Amino acid sequence: MNETQKQFLVSLINEPGPSGHEINVQRIWKNEVSKFCKDVQVDPHGNLTAVLNPEKEFSIMIVGHADEIGLIVNYIDDKGYLYFMNIGGVDQTMLGAHKARILTKKGIVEGIFGQKSLHHEEGQTRKIPKRYEVYIDIGAKNKKEAEKLITLGDPVIFGENYIELQGKNAAARCFDNRIGIYIVAEVLRKLSSKKFNTKVFGVSSVQEETGVWGAGNIAFSLKPDLAIAFDVCPSTDIPGTSKEQFGDLKLGSGPIIRRGVIAHAKIADLLIKTAEKKKIKYQIDVENGRFGTDSDPISKSRGGVAVGGVEIPTRYLHSSAEVLNHDDVDNCIDLVCEFILSLEKNKDLLKYDL
């Protein structure tokens, strides 16, 4: 990852964009991808599609989702405290004392997530708070003052912007899944300077975190022959996580290739073969009938699309600071580029001899 690529990634990470409110993230992605893909299209939901080799017949769709988890304001009490509903899978136990950023029509309003002090808990023992027992304090004196700034339905994000850690690790609130759309863009960038005979649709999808459905719509329109979704995958290299239950997945050991039920066996096998031939680190994770990523709705589009999944091992998913390794990201980009270039010699990949 060079400095220009890192700046692009940081700009994607630092821009707020919970599900349904991805537009500014999509603008950043489109502006960058337009430098090496002439035509970037948007659909009614906000999914973006860039294409290489539009005249070719055989096609692959690569996709990541632009949205992040968040909250949405649904009530303001008489004292000016804000209450909220979840956008996606939010663990409210981690919100207390974190900074909230409310995305209003007038700009970002900052606040603090509040809950009853430990000193006021019986026996000073913290119980797990319910969602409605956590609120946002913007410092307003009352409801009237809060309503001058906040409107019901305003989205909220929490967590940290991009920071560097030791080695080649980094942390951010929304590697899930800005890293996916970054990888899509960088695969397109790398392939744009090469000659090959496969049509490539690069997609930055929306609203994955609230139902895993955005990418299914665009797959219906594009009709790809096969697709690969990029996302993050919980690593198990942290204390207290059972490898017997969740597998052995580590930061720095390469991108994760999914094998299992929905994952097309021949796609997974070719990804593995490509990684081994090119000496690219990789790991394997298993799905037993559900990815939990954009691969799921794509697989059911029209008469069905052959899907694969390549994911980045990441610690502390859906938290205020997720952690991943840059080498895994670079290896993922290299692997998928080599996979796509190999399709020219593997056009019969999807055929079963029965």
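Below is a summary of the structure that appears in this document. (Residues numbered from 1 in each chain as written. Predicted model: local features only at pLDDT ≥ 70, side-chain atom pairs only at ≥ 80, totals over all residues. Heavy atoms only, no water.)

Focus: the sheet that holds strand β3 (residues 59–65)
Piece 1. Taken together, eight strands build an open sheet; the order of strands is β1-β2-β12-β3-β13-β16-β14-β15 and the sheet is mixed. Unpaired on one side and paired on the other, β1 (40–42) and β15 (283–287) mark the two borders of the sheet. Across the sheet, the mean angle separating the axes of adjacent strands is 30 degrees when strand polarity is ignored.
Piece 2. Taken together, the two bridges between strand β14 (residues 256–260) and strand β16 (residues 306–314) define a ladder with antiparallel strand orientation. Its bridge partner being in β16, Ile256 is matched across the sheet by Glu311.
Piece 3. Contacting β2 (48–52), β3, β12 (199–205), β13 (226–234) and β16, helix α4 (residues 175–191) crosses the sheet at an angle of about 145 degrees to β3. (Pairing = 2+ DSSP bridges. Helix = DSSP H or I, 4+ residues; strand = E, 2+ residues; numbered from the N terminus. Axes fitted to C-alpha atoms, helices over the stretch in contact; angles between N-to-C directions. Contact = heavy atoms within 4.5 Å.)

Here we look at the layout of surface pockets
Piece 1. Approximately 380 Å³ is the volume found for the largest pocket.
Piece 2. Those elements giving two or more residues to the lining of the largest pocket turn out to be β13 and β15.
Piece 3. Estimated volume of the second largest pocket: approximately 280 Å³.
Piece 4. Leu270, Lys273, Thr274, Lys277, Lys278, Glu338, Leu341, Ser342, Glu344, Lys345 and Asn346 together form the lining of the second largest pocket. (1 Å grid on protein atoms, 1.4 Å probe; cavity = no way out; pocket = protein on both sides within 12 Å on 5 of 7 lines; lining within 4 Å. Points joined across faces, edges and corners; volume = space filled by probe spheres on them.)

What to know about empty space enclosed by the protein
Piece 1. Applying the stated criterion across every chain, the model contains one cavity of 30 Å³ or more.
Piece 2. The space that makes up the largest cavity amounts to roughly 60 Å³.
Piece 3. In terms of lining residues, the largest cavity is bounded by Glu68, Ile69, Phe158, Arg173, Cys174, Asp176, Glu209, His318, Ser319 and Glu322.
Piece 4. For the lining of the largest cavity, the residue count by class is three nonpolar, two polar and five charged. (Nonpolar A, V, L, I, M, F, W, Y, C, P; charged D, E, K, R; others polar.)

Re the side chain of Ser235
Piece 1. Locating Ser235 in the fold gives a position in the loop between β13 and α6 (243–246).
Piece 2. Overall, Ser235 belongs to the buried group, its relative accessible area being 6%.
Piece 3. In this structure the side chain of Ser235 is engaged in a polar contact, spanning 2.7 Å, whose partner is the side chain of Asp237.
Piece 4. Those residues in contact with Ser235 that sit more than four places away from it in its chain are Leu249, Leu251, Pro313, Thr314 and Arg315. (Buried < 20%, exposed > 50% of the residue type's maximum accessible area, 1.4 Å probe, protein only. Polar contact = N/O pair within 3.5 Å; in protein donor to acceptor, adjacent residues only side chain to side chain.)

Side note on the packing of aromatic side chains
Where two aromatic rings form a pair, the distance of their centres and the angle of their planes describe that pair.
Piece 1. Under the defined criterion, the tally for this structure stands at seven aromatic pairs.
Piece 2. Between the aromatic rings of Tyr75 and Tyr83, the centroid separation amounts to 5.9 Å while the plane-to-plane angle is 45 degrees, which identifies the pairing as tilted.
Piece 3. When its relative accessible area of 43% is taken as the criterion, Tyr75 is described as partly exposed.
Piece 4. Taking 6.3 Å as the distance between ring centres and 85 degrees as the angle between the ring planes, the aromatic pair formed by Tyr162 and Phe175 counts as edge-to-face. Note that Tyr162 is positioned in the loop between β9 (155–158) and β10 (163–164) and Phe175 in helix α4, a separation of 13 residues in sequence.
Piece 5. Residue class for Tyr162 comes out buried when judged on its relative accessible area of 13%.
Piece 6. Among the aromatic residues, ring-to-ring pairing joins Tyr75, Tyr81, Tyr83 and Tyr135 into one connected group.
Piece 7. Directly above the ring of Phe220 sits Arg302, whose terminal nitrogen or CZ lies 3.8 Å from the centroid. (Phe/Tyr/Trp six-rings, centres within 6.5 Å; stacked < 30°, edge-to-face > 60°. Lys NZ or Arg CZ within 6 Å of the ring centre and 35° of its normal.)

Quick look at the pattern of salt bridges
Piece 1. Counted according to the given criterion, the structure contains 14 salt bridges.
Piece 2. The salt bridge involving Lys168 is made with Asp327; its shortest N-O contact spans 3.2 Å. Within this pair, whereas Lys168 is found in the loop between β10 and β11 (169–172), its partner Asp327 is found in helix α9 (residues 326–342), the two being separated by 159 residues in sequence.
Piece 3. The partly exposed category is assigned to Lys168, whose relative accessible area is 46%. (Salt bridge = Lys/Arg side-chain N within 4 Å of Asp/Glu carboxyl O.)

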